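Examination of the molecular architecture
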Amino acid sequence: MASVMAQGALAASFAVSGTSFQVSSGNLKSQGLSSYVQTDRDVDGKGHPVALLGIGNATLSDICQAAEVKTPVGTVVFKLTAGGDAGQVTASNLVIDGEDLVGDARFGTAEIGRDASTLDAVNGVRGERGKFGLQARGIEVAGVRSHAWSATGGNFRLRGMKVDVSIGGKKCF
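As the structure is a computational prediction, the values presented were derived from the model and not from experiment.

1. Digging into the environment of Leu-52
Following the sequence through the fold, Leu-52 ends up in strand β3 (residues 47–55). Its relative accessible area of 1% is what places Leu-52 among the buried residues. Discounting chain neighbours no more than four positions away, the residues touching Leu-52 are Ser-34, Ser-35, Tyr-36, Gln-38, Val-95, Ile-96, Asp-97 and Val-125.

2. Details of the state of the cysteines
Here a disulfide denotes a covalent bond joining the sulfur atom of one cysteine to the sulfur atom of another. Under the criterion given, the structure shown has one disulfide. With its sulfur 2.0 Å from that of its partner, Cys-64 forms a disulfide with Cys-172. Between Cys-64 and Cys-172, the S-S torsion sits near -85 degrees, and that sign places the bridge as left-handed. Of the two residues, Cys-64 is situated in strand β5 (residues 62–71) and Cys-172 in the segment after β11 (162–167); the sequence distance between them amounts to 108 residues. Take Cys-64 and Cys-172: they sit in the same class, and that class is buried.

3. A closer look at the environment of Glu-111
Inspection of the secondary structure assignment puts Glu-111 in strand β8 (residues 94–115). In this structure Glu-111 comes out as partly exposed when scored by relative accessible area, which is 28%. Remark: the alpha-carbon pair of Glu-111 and Asn-123, spanning 12 residues in sequence, is separated by 16 Å. Look past the residues within four positions of Glu-111 in its chain and what remains in contact with it is Gly-133, Leu-134 and Gln-135. Among the polar contacts made by the side chain of Glu-111, one reaches the side chain of Arg-114 at a distance of 2.5 Å.

4. Brief notes about the confidence of the model for the chain
Of the residues in the chain, 92% reach a pLDDT of 70 or more, and the chain-wide mean stands at 90. Note on residues 1–13: pLDDT is under 50 here. Beyond four places in sequence and across chains, it has 16 contacts.

5. Considerations on the pattern of salt bridges
Summed over all chains, the structure comprises four salt bridges. Arg-114 serves as the salt-bridge partner of Glu-111, at 2.5 Å between the closest nitrogen and oxygen. The closest approach of N and O atoms between Asp-120 and Arg-137, which form a salt bridge, is 2.8 Å. With Asp-120 in the loop between β8 and β9 (132–152) and Arg-137 in strand β9, this pair connects stretches of sequence that are 17 residues apart. Owing to a relative accessible area of 36%, Asp-120 belongs among the partly exposed residues under this scheme.

Cut-offs used in this document
- Residues numbered from 1 in each chain as written.
- Predicted model: local features only at pLDDT ≥ 70, side-chain atom pairs only at ≥ 80, totals over all residues.
- Heavy atoms only, no water.
- Helix = DSSP H or I, 4+ residues; strand = E, 2+ residues; numbered from the N terminus.
- Buried < 20%, exposed > 50% of the residue type's maximum accessible area, 1.4 Å probe, protein only.
- Contact = heavy atoms within 4.5 Å.
- Disulfide = S-S within 2.5 Å.
- Polar contact = N/O pair within 3.5 Å; in protein donor to acceptor, adjacent residues only side chain to side chain.
- pLDDT = per-residue confidence, 0-100.
- Salt bridge = Lys/Arg side-chain N within 4 Å of Asp/Glu carboxyl O.

This is the structure in structure tokens:
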């Protein structure tokens, strides 16, 4: 799926909702990272510039994802949490279309400014020829905070998953 999305084949049939969401984790480790800039589109055709972050085999200490959704009964927070005391969260071929990424990072064998069409740190995650890209063979980020438009993964293991939907609920950060 990561390969199909990265090459744009899935993008035509996957419109983002028009609502960005928060993602946070105490610690993220991955065997690879590939990234380049692209544009996500919502169902109305509005473009949202994002950094596509392709993450190989990832381990997270915990995860929180939250989105505010306007409903007839008020603004609802949809929140998903996992990990922590229940154990680590794992994901493979994770693709995040993010607006930002904040945290304390360590990159292993970083290549910044590489042509996006030649990225090979995460299988199948490549951008357009001539476009700016970056990659690293390994990455660790502590205190992860991000705003994203979409996230997909080939395989998620969410230990201790909890979904909470509440009016005026608390977001991740």
